[in-house]
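Architecture and fold: a report
Residue-level listing of the chains:
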Amino acid sequence: MDPAKPSLELLRSLTDEHVLRALMQQRRLTRAELAAETGISKPTVGESVRRLAEAGLVADTGQRTAGGRGRGRVGSYYALAGDIGAALAVSIAPEGIVAECVDAYGGTVGRAQEKVGRPARPRQVTAALQAAAAPGLRGAGLALRLAVVSAADPVDRATGRLVHLPGAPFLLGELDPAGILAPYVDGPVTVDNDVNWAARAERDHARTAVLDDFAYVFLGEGLGCAIISDGQVRRGHNGLAGEVAHLPTAGPHGRAMPLTEVFSELGLRRPGSTAVDVGRLLTAATGPEPGAAATRRALGQAVSGALAAIVALTDPELVIIGGSWGSHPAVLGAITADTARLPWPVPVRGAELTEEPSLAGARLDALSRLRSDIVAAVRAGKATPVRD
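Description of the structure in this document.

Turning next to the pairing of strand E8 (residues 214–219). E8 sits mainly inside the fold: five of its six residues count as buried. With six bridges connecting them, E8 and strand E9 (residues 223–229) associate as antiparallel partners. Bridge assignment links phenylalanine 214 to a residue of E9, and that residue is isoleucine 228. Hairpin remark: E8 followed by E9, antiparallel, with three residues in the connecting loop.

What follows is the structure in structure tokens.
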């Protein structure tokens, strides 16, 4: 056999992949529609549907096209098998835990929420994570092939465990989301920092331009940054890249201090915590009081000082500001004005995706991994559904 020619097995595998991906996009198709959608001949598609049905990945829905009496042959609609499995997308945040079950079509078929206290303790977060994951599993009626987790804490790149840094406002101690979720999931559990997921979601949400090189700065109860370079998140050796809270910057009255200390100086922290009091900050910076303009100037100066370091070290095309107070028009205007005076000015804009951006990023990645996992089973000749 000519080694340059693809084998029959490879051709069949590629055909099966195209058929599966077409069904993932359209939910149900006849063999004729699959042929038109994939550009593959009807007989070849028919053989692929037969193989995939035997493997338990595709099923006849029982629905038929209108046909007969001169209108052509009746066609059968095919869809992904009902037990093909799903993915779990999880957000661990100060507001609580959200778990969503995502099917291979991209639909959210189950959602559960659990609150956590302040300060959040590992044991409490573990119980809330288990409580949120279990209803999603039961409600969807689908086995979970994999999970993707967004966490509002640094994540160790090698282990996937959360890392408590000095002065971090949220989880106290290490937490192992992958270990906690292992009993609920058949496959791997991917864990990353919430700001990294929000940046990925912003990248994929972009409609007017390709976002390949930008810094995403999150300004909420916590402070964070994600660096997207050549379209990929740069996580650093230990996964701690983007931890901007302790970057030196200009504080009130021009004194140099870590960015996180600026909020202490301005009286904008939650009592007994390093977390920013978002409600108090927005009142102080946007209210009618005479000091609001001064607070905005202090915030703009402090954040732009941190941005100066980010820009100098990473050379982004754009800086995107997200978070509950960073993207507020009044605060964003102050940040933009101060950043324009930097030695290397860079465009600054607010995040376009503001509704659960971290969970949105985790959900998109979970869907992509789920679809790839189903296709990979075909390539490996192990096209069998996961356990019930």
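On to the packing of helix H8 (residues 278–286) against helix H9 (residues 292–314). Here H8 crosses H9 at 115 degrees, and the two axes come no closer than 6 Å. Facing H8, whose interface residues are Leu281, Ala284, Ala285 and Thr286, H9 presents Ala292, Thr295, Arg296 and Leu299. Residue composition of the contact of H8 with H9, grouped by class: five nonpolar, two polar and one charged.

Attention now goes to the sheet that holds strand E4 (residues 96–103). Taking strand neighbours across the sheet as the criterion, the five strands line up as E5-E4-E3-E6-E7 in an open arrangement whose pairing is mixed. Across the chains shown, the open sheet's two edge strands, defined by having one partner strand only, are strand E5 (108–114) and strand E7 (189–193). The sheet shows a mean angle of 15 degrees between the axes of neighbouring strands, taken without regard to direction. Pairing of E4 with E5 involves six bridges; the strand directions are antiparallel. The partner of alanine 99 across the bridge, within E5, is alanine 112. This element, helix H6 (residues 194–205), spans strand E6 (144–151) and E7 of the sheet and lies at about 95 degrees to E7.

Attention shifts here to the nonpolar core. Within the largest apolar cluster, 32 residues are counted, with the highest numbers of intra-cluster contacts made by Val217, Leu219, Leu223, Phe263, Ile310, Val319 and Trp325. Every element with two or more residues in this core is listed here: E8, E9, helix H7 (259–265), H8, H9, strand E13 (318–322) and helix H10 (329–339). If you tally residues by element for this core, the top one is H9, at seven residues. Filtering out sequence-adjacent residues up to four positions away, valine 319 remains in contact with Ala215, Val217, Leu307, Val311, Val346, Pro347, Val348 and Arg349.

Where helix H1 (residues 8–26) contacts helix H2 (residues 31–38), the axes come no closer than 10 Å and their chain directions differ by 100 degrees. Between H1 and H2, the interaxial angle falls into the category roughly perpendicular. The segment H1 lies against H2, with His18, Val19, Ala22, Leu23 and Gln26 engaging Leu34, Glu37 and Thr38. Each residue belonging to the contact of H1 with H2 can be placed in one class, and the counts come to four nonpolar, three polar and one charged.

Taken as a whole and assessed by the stated rule, the structure comprises 21 salt bridges. When the shortest N-O distance is used, the salt bridge between arginine 203 and aspartate 204 registers 2.9 Å. Shared partners join several salt bridges into a network, and the residues in it are Glu100, Arg111, Glu356 and Arg363.

The subject of this paragraph is the pairing of E6. With eight of eight residues buried, E6 lies mostly within the body of the structure. One ladder, built from seven bridges, connects strand E3 (residues 86–93) with E6; its direction is parallel. Each bridged residue has a counterpart across the sheet, and for isoleucine 92 the counterpart in E6 is alanine 151. Examined bridge by bridge, E6 and E7 share five bridges and lie parallel to one another. Across the sheet, serine 150 pairs through a bridge with aspartate 192, a residue of E7.

Time to look at the sheet that holds strand E14 (residues 348–350). The strand order across the open sheet formed by five strands is E10-E9-E8-E13-E14, and the pairing between neighbours is mixed. Only two strands of the sheet have a single partner each, and these edge strands are strand E10 (232–233) and E14. One ladder, built from five bridges, connects E8 with E13; its direction is parallel. Each bridged residue has a counterpart across the sheet, and for phenylalanine 218 the counterpart in E13 is glycine 322. Along the sheet face, H9 touches E8, E9 and E13 and points at about 155 degrees away from the line of E8.

Reading the values: the criteria
- Residues numbered from 1 in each chain as written.
- Predicted model: local features only at pLDDT ≥ 70, side-chain atom pairs only at ≥ 80, totals over all residues.
- Heavy atoms only, no water.
- Buried < 20%, exposed > 50% of the residue type's maximum accessible area, 1.4 Å probe, protein only.
- Helix = DSSP H or I, 4+ residues; strand = E, 2+ residues; numbered from the N terminus.
- Pairing = 2+ DSSP bridges.
- Axes fitted to C-alpha atoms, helices over the stretch in contact; angles between N-to-C directions.
- Contact = heavy atoms within 4.5 Å.
- Nonpolar A, V, L, I, M, F, W, Y, C, P; charged D, E, K, R; others polar.
- Core = buried A, V, L, I, M, F, W, Y, C linked by side-chain atoms within 4.5 Å.
- Parallel < 35°, antiparallel > 145°, perpendicular 65-115°, else oblique.
- Salt bridge = Lys/Arg side-chain N within 4 Å of Asp/Glu carboxyl O.

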